[in-house]
Amino acid sequence: MKRFPGFRPLKWVRIGFRFRKWLTGAIAGGLLLLVSFAILLKDGVVGPIQKGVALFLAAAGLASIAFCFRTILMKFLHVYPTGIYKKPENIEEVGDVLYRRKVLSSGPRIVVVGGGTGISTMLRGLKKFSGNITAVITVADDGGGSGALREDLGMLPPGDIRNCIMALAETESVMERLLQYRFTDGRLKGQSFGNLFLAAMNGISDNFEQAVRSTGEVLAVQGRVLPVTEQDVRLTALLEDGTEIVGESNIGHHHKSHPGRIQRIRLEPGRVAPVEPVIEAIRTADLIVLGPGSLYTSILPNLLVEGVAEAITESKAARVYVCNVMTQPGETDGYCVSDHIRALWDHTNPDLFTYCLVNCGDVDDTVRERYRADGADLVMVDLSRLKKMGIKLVESDVVETRDRFVRHDPDKLAQAVMDILRIH
């Protein structure tokens, strides 16, 4: 007998047996419907009592069928999930989830390049527009819990990748809190459970990229997260006075011991190979987004990996640079939008991107003063220089102030980026 590929009758028999109580209820409802029809068709003339009984049995049968199949659907989703995902609470949510996944699966192919909290913010908004998202994340981090795991286990730093996985995941809130939990005592003090989870997954996987992919499958990630490289890389910054600052964690704080503008950054070793799916994702993308995030420690390290900047430049996709709202002490002190763009061009080429998205929303004066006290301020939009550079500037209100911190609003930011894709 010819069998269809993947058809396993015994498996489906076992699944049916697991829901036998509700299947029995649905069959009973069907029988009640048949009885109601039989009552109506038995005699030529149907009296009021016969009609009442038939209608009652039909209503009971339909209610039983609807209730049982609804229960089967809900239990099937709970028993056979594809990962630890947020389970729908009612049938309306099931329909919403199925519809959303169907629509998102045909969404545009989007590649987001960067690292840090800025990229995870972008991903939280973009996942509402497409399920075809690839996040390309830097692995130059050498501080905090990620740095400790890097030194102890010789693995790539998992922190930024963990945040991006959580941004794209559809998990229960308790699972998200668990993975973001940081230990407060003992040798694990300051370490994130999510980092340890990735470290364990790395231990049972052939490589780090596979560990990240497997973690995404477990957490039902909508899209995928890729490390830009699997090589152990170090970041070095050369200041304008010739001083070298070694290590990603030191670059962002060098102004406290040795002030000075960053002239150039480089990766060590000098030639770093990308993860192969990164280049393929860029080549097939409809939209490529650089940032938001730290210019020198989150965005540029990705572009210094061999072939990445070249693939972006050659892409026919809408290519957008999302400029930060605020300057960053130690990295972009006193920078205008054109300074950000010039730094990207100096490290890559002037054809890297076509659009630059900047914020035009208001930031409260009291919040701005607090940032000024820490050496930061708004990134000013210097229109005259930008016009000479030939960049297509897009201004949009994409900011929110939360707990007195200025951040990109995930939904506003994603909408602004998708609007650029539509006009491209």
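What you see is a predicted model, and the numbers here were worked out from it, not measured in a lab. (Residues numbered from 1 in each chain as written. Predicted model: local features only at pLDDT ≥ 70, side-chain atom pairs only at ≥ 80, totals over all residues. Heavy atoms only, no water.)

**Focus: the overall build of the protein chain**
The secondary structure content of the protein chain amounts to 18 helices and twelve strands. Out of the 424 residues belonging to the protein chain, those deemed buried represent 48%. For the protein chain, contacts bridging at least 24 residues in sequence account for 71% of all contacts bridging at least 6. Carbon and sulfur atoms provide 57% of the accessible area of the protein chain, an area that totals close to 21,600 Å². (Helix = DSSP H or I, 4+ residues; strand = E, 2+ residues; numbered from the N terminus. Buried < 20%, exposed > 50% of the residue type's maximum accessible area, 1.4 Å probe, protein only. Contact = heavy atoms within 4.5 Å. Areas by Shrake-Rupley, 256 points an atom, 1.4 Å probe, with all protein chains shown as cover.)

**Describing the packing of helix α7 (residues 159-168) against helix α8 (residues 173-180)**
Between α7 and α8, whose axes approach to 11 Å, the crossing angle comes to 175 degrees. With respect to α8, the element α7 is oriented roughly antiparallel. The segment α7 lies against α8, with Arg 162, Asn 163 and Met 166 engaging Glu 176, Leu 179 and Gln 180. In the contact of α7 with α8, the residues fall into two nonpolar, two polar and two charged. (Axes fitted to C-alpha atoms, helices over the stretch in contact; angles between N-to-C directions. Parallel < 35°, antiparallel > 145°, perpendicular 65-115°, else oblique. Nonpolar A, V, L, I, M, F, W, Y, C, P; charged D, E, K, R; others polar.)

**Quick look at the packing of aromatic side chains**
Counted by the stated rule, this structure contains three aromatic pairs. Plain terms: the ring middles of Tyr 296 and Tyr 335 are 6.4 Å apart, the flat faces sit at 80 degrees to each other, and that makes the pair edge-to-face. With a gap of 39 residues between them, Tyr 296 in helix α13 (residues 295-303) and Tyr 335 in the loop between β8 (318-322) and α15 (337-347) connect regions that are remote in the sequence. Here Tyr 296 matches Tyr 335 in class, with each residue buried. Residue placement shows Arg 370 over the ring face of Tyr 371; its charged tip is 5.1 Å from the ring centre. In this structure, Arg 370 packs its charged tip against the face of Phe 405, placed 4.5 Å from the ring centre. (Phe/Tyr/Trp six-rings, centres within 6.5 Å; stacked < 30°, edge-to-face > 60°. Lys NZ or Arg CZ within 6 Å of the ring centre and 35° of its normal.)

**Some thoughts on the sheet that holds β8**
With parallel pairing, the seven strands of this open sheet are ordered in space as β3-β2-β1-β7-β8-β9-β10. Strands with a single pairing partner mark the edges of an open sheet, and in this sheet they are β3 (224-227) and β10 (392-396). Strand-to-strand, the axes of this sheet are offset by a mean angle of 20 degrees, without reference to chain direction. Two strands pair when backbone bridges link them, and strand β2 (residues 133-137) and β3 are joined in this way by four bridges, in the parallel orientation. Following the sheet pairing, Ile 137 is matched in β3 by Pro 227. Sheet contacts for α7: β2 and β3; angle to β3, the most-contacted strand, approximately 170 degrees. (Pairing = 2+ DSSP bridges.)

**Section: the environment of His 424**
Its place among the elements puts His 424 in the segment after α18 (410-423). Judged by relative accessible area, which is 46%, His 424 ranks as partly exposed. Expressed as a C-alpha distance, the spacing of His 424 and Arg 319, which sit 105 residues apart in the sequence, is 9.2 Å. When near neighbours in sequence (up to four residues on either side) are disregarded, His 424 contacts Lys 316, Ala 317, Ala 318 and Tyr 355. A polar side-chain atom of His 424 sits 3.4 Å from the main-chain carbonyl oxygen of Lys 316. (Polar contact = N/O pair within 3.5 Å; in protein donor to acceptor, adjacent residues only side chain to side chain.)

**Section: the sheet that holds strand β4 (residues 234-239)**
A sheet is described by the order of its strands in space; here three strands give the open sequence β5-β4-β6, paired in antiparallel fashion. With partners counted over all chains shown, the strands left at the sheet margins are β5 (244-246) and β6 (262-268), one partner each. Sheet twist, expressed as the mean angle between neighbouring strand axes with direction ignored, is 20 degrees. Pairing geometry for β4 and β6, over six bridges, is antiparallel. Across the sheet, Leu 239 pairs through a bridge with Ile 262, a residue of β6.

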